[in-house]
Amino acid sequence: MLENMTERQAREEILKIVGEYCKKYKTAAKPFQPGDRITYAARVYDEKEMQNLVDSALEFWLTTGEYAEQFERDFSDFLGVRYCSLVNSGSSANLLAFMALTSPLLKEKRILPGDEVITVAAGFPTTVAPIIQYGAVPVFIDVTIPQYNLDTAQLESALTEKTKAVFAAHTLGNPFDLKTVKAFCEQNGLWLIEDNCDALGSKYCLNGEIKFTGTVGDIGTSSFYPPHHMTMGEGGAVYTNNALLHKIVNSLRDWGRDCVCPSGKDNVCGHRFDRQYGELPFGYDHKYVYSHFGYNLKATDMQAAVGCAQLEKFPSFIEKRRKNWRLLQDGLADFKDRLILPEPEINSEPSWFGFLITVRPEAGIDREALVREIEACGIQTRNLFAGNLIKHPCFDEMRASGKGYRVAGELRNTDRIMKDTFWIGVYPGMTEKMIDYMIETIKKGLERIG
């Protein structure tokens, strides 16, 4: 079929067939029937993502390339930040964001082993893991209910002369109190890392200016794992307005090298062989000079190709998530005597990742019983990740020794979330019929167990 075609014609024909294949076999809508499985999250895509993926595969540039460069530009433009570094996962993004702050290039502002970082235990472990792995000390404060974000009233009590940063996530799309946290960090000379992996597209009004979450602090991170707001399969991003932090992030991402040349390109700076670095021989090839102990955390161009197509759809994803969240909020409003429903942070416009529910044991409601009722009807639920991270086996040795972390105050709400909270999805592929079924199922579940 391709023998009389040019390469460009052949590629266009292949992509046309891929589009037809996707429409027929992958994205054809199937009407929802009560009892069908409703997952808490799922990919939403069409032929464009698949065509981009195949287009990248036909190019066979298997590492970071033109699609990655395009995504970094477009994502920066979308968020309104100067710099974006595409990486292979949200966990890698958190690792790079934290490790960037340990760089010798930051001099007296760098985080050293033994320094403290304020965070929360009610979240996902990869916000905290880089702190511990480096040898810094996470200082845990409690969270609020029904916002499920760090309790800013505890910030001052967590502060010591060793505190160097605040590293916290915007929980399930709900921004934390950025005004208070930002002011606290500025007053005390602290770094602020926003784990934005569950909140991409959320907005916050800070001093009259509306900004995307992830762009208020020194560094923001995102994840493009399939359940998240948009997907590349695997993938993540680190973004900042700080040129030095961007340089450090890219160095750490790319094996720790000092050179800024993209993959496959040499001598972009024009000084590949005429500089002195450390105790290396003068003129040592800059391509192999290392200024950090780094990693290889780059994404592939095939991942980026999918991301470029997803980013075009992303504004519609945000609106659909908000609509689904409102439908659940309205549909369950009559049950506030038995359920605590989530509330958005003041001055925020969340891009919701999920719908959090905390049961009221005093009203005779048991989370596990209600979750079993819901799951039995085909509705997937999730706990708020770790619940209380310091209760997990990964903390056993530190808990036994009393070293390696610190708790400021008591984690009452964190422990309550561990026992009484779960969430259901609001992803953009959900229909109103599915949302109605979820509401009705929860109502019936409450009747049976309450």
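Above this note sits the structure.
Residues numbered from 1 in each chain as written. Predicted model: local features only at pLDDT ≥ 70, side-chain atom pairs only at ≥ 80, totals over all residues. Heavy atoms only, no water.

A. Structural view of the overall build of the chain. Secondary structure summary: the chain contains 13 helices and 14 strands in total. For 450 residues, the compact-globule estimate of 2.2 N^0.38 gives 22 Å, and the chain sits close to it at 24 Å. C-alpha atoms of the chain, sized along the principal axes, occupy 75 × 70 × 45 Å. Within the chain, buried positions represent 53% of all 450 residues. For the chain, long-range pairs separated by at least 24 residues make up 73% of all intrachain contacts whose partners lie at least 6 apart in sequence. When the accessible surface of the chain is summed, it comes to about 20400 Å², and 51% of that surface belongs to carbon and sulfur atoms. (Helix = DSSP H or I, 4+ residues; strand = E, 2+ residues; numbered from the N terminus. Rg over C-alpha atoms; globule rule 2.2 N^0.38 Å. Buried < 20%, exposed > 50% of the residue type's maximum accessible area, 1.4 Å probe, protein only. Contact = heavy atoms within 4.5 Å. Areas by Shrake-Rupley, 256 points an atom, 1.4 Å probe, with all protein chains shown as cover.)

B. Highlighting helix H9 (residues 301-331). Look at H9: 42 Å from first C-alpha to last across 31 residues, which is about the 45 Å you get at 1.5 Å a residue. Along H9, the sharpest change in direction is near 50 degrees and occurs at Lys313; proline Pro315 comes one to four residues later. (Expected span 1.5 Å × (residues − 1). Bend = angle between axes of the 7 residues up to and from the residue.)

C. Region of interest: the packing of helix H10 (residues 367-376) against helix H13 (residues 432-449). Relative to each other, H10 and H13 sit at 135 degrees, their axes nearing to 9 Å. The angle between the axes of H10 and H13 places the two elements in the oblique class. In this structure, H10 crosses over H13, and the sense of that crossing is right-handed. Contact with H10, carried on its side by Ala369, Leu370, Glu373 and Ile374, involves Thr441, Ile442, Gly445, Leu446, Arg448 and Ile449 of H13 and no other residues of that element. When its residues are assigned to classes, the contact of H10 with H13 shows six nonpolar, two polar and two charged. (Axes fitted to C-alpha atoms, helices over the stretch in contact; angles between N-to-C directions. Parallel < 35°, antiparallel > 145°, perpendicular 65-115°, else oblique. Left-handed = near helix turned anticlockwise from the far one by under 90°. Nonpolar A, V, L, I, M, F, W, Y, C, P; charged D, E, K, R; others polar.)

D. Structural context of the sheet that holds strand S11 (residues 348-349). The strand order across the open sheet built from three strands is S7-S6-S11, with neighbouring strands paired in antiparallel fashion. Sheet topology places strand S7 (209-212) and S11 at the edges, where each strand pairs with a single neighbour. Bridging between strand S6 (residues 203-206) and S11 involves two bridges; their strand directions are antiparallel. Within S11, the position partnered with Tyr204 by the bridge is Ser348. (Pairing = 2+ DSSP bridges.)

E. Highlighting the sheet that holds strand S10 (residues 339-340). One open sheet accounts for three strands, arranged S10-S12-S14; its pairing is antiparallel. The sheet is open, and its two edges are formed by S10 and strand S14 (421-425), each paired on a single side. In this structure, S10 lies alongside strand S12 (residues 354-359), joined through two bridges in antiparallel fashion. In the strand pairing of S12, Ile340 is matched with Thr358. Each of S12 and S14 is contacted by H9, which is oriented at about 25 degrees to S12, the strand it contacts most. Sheet strands touched by H13: S10, S12 and S14. Its angle to S14, the strand with the most contacts, is close to 150 degrees.

F. Broad picture of the pairing of strand S8 (residues 219-223). With respect to burial, S8 is a largely interior element, five of its five residues being buried. The side-chain alternation of S8 yields two buried faces, one formed by Ile219, Thr221 and Ser223 and the other by Gly220 and Ser222. As defined by bridge partners, strand S5 (residues 191-195) adjoins S8 across three bridges and the pair is classed as parallel. Bridging across to S8, Glu194 finds its partner in Gly220. Taken together, the four bridges between S8 and strand S9 (residues 236-240) define a ladder with antiparallel strand orientation.

G. Region of the structure containing the pairing of strand S4 (residues 163-169). With six of seven residues buried, S4 is to be regarded as a mostly interior element. Pairing between strand S2 (residues 116-120) and S4: three bridges, direction parallel. Residue pairing for S4: Ile118 is matched across the bridge by Val166. Taken together, S4, helix H7 (residues 178-188) and S5 constitute a β-α-β crossover, and its handedness is right-handed. (Right-handed = clockwise from strand over helix to strand, strands pointing away.)

H. Looking closely at the environment of Thr160. Relative to the helices and strands, Thr160 resides in the loop between helix H6 (155-158) and S4. Since its relative accessible area comes to 26%, Thr160 is described here as partly exposed. Along the chain, Thr160 and Glu116 lie 44 residues apart, while their C-alpha atoms are 8.1 Å from each other. For Thr160, the contacting residues outside a window of four places in its chain are Glu116 and Arg406. Separated by 2.8 Å, the side chains of Thr160 and Glu116 make a polar contact. (Polar contact = N/O pair within 3.5 Å; in protein donor to acceptor, adjacent residues only side chain to side chain.)

I. Structural detail: the nonpolar core. Judged by nonpolar contacts, the single largest core of 32 residues is most densely connected at Ile141, Leu150, Val166 and Val181. Looking at this core, the elements with two or more residues in it are S2, strand S3 (137-141), H6, S4, H7 and S6. No other element matches H7, which puts four residues into this core. Ignoring any residue separated from it by four or fewer positions in sequence, one finds Ile141 in contact with Ile118, Thr119, Val120, Ala121, Leu150, Asp151, Gln154, Leu155, Ala158, Ala408 and Leu411. Core analysis: the second largest hydrophobic core is formed by 29 residues, Phe32, Trp325, Phe355 and Ile357 among them. (Core = buried A, V, L, I, M, F, W, Y, C linked by side-chain atoms within 4.5 Å.)

J. View of the environment of Ala42. Within the fold, Ala42 resides in the loop between helix H1 (7-25) and helix H2 (47-59). On the basis of relative accessibility, which here comes to 28%, the residue Ala42 falls in the partly exposed class. In the structure, Ala42 is positioned 207 residues away from Val249 in sequence and 30 Å away in space, judged by C-alpha atoms. Setting aside residues up to four positions removed in sequence, Ala42 forms contacts with Pro226 and Tyr427.

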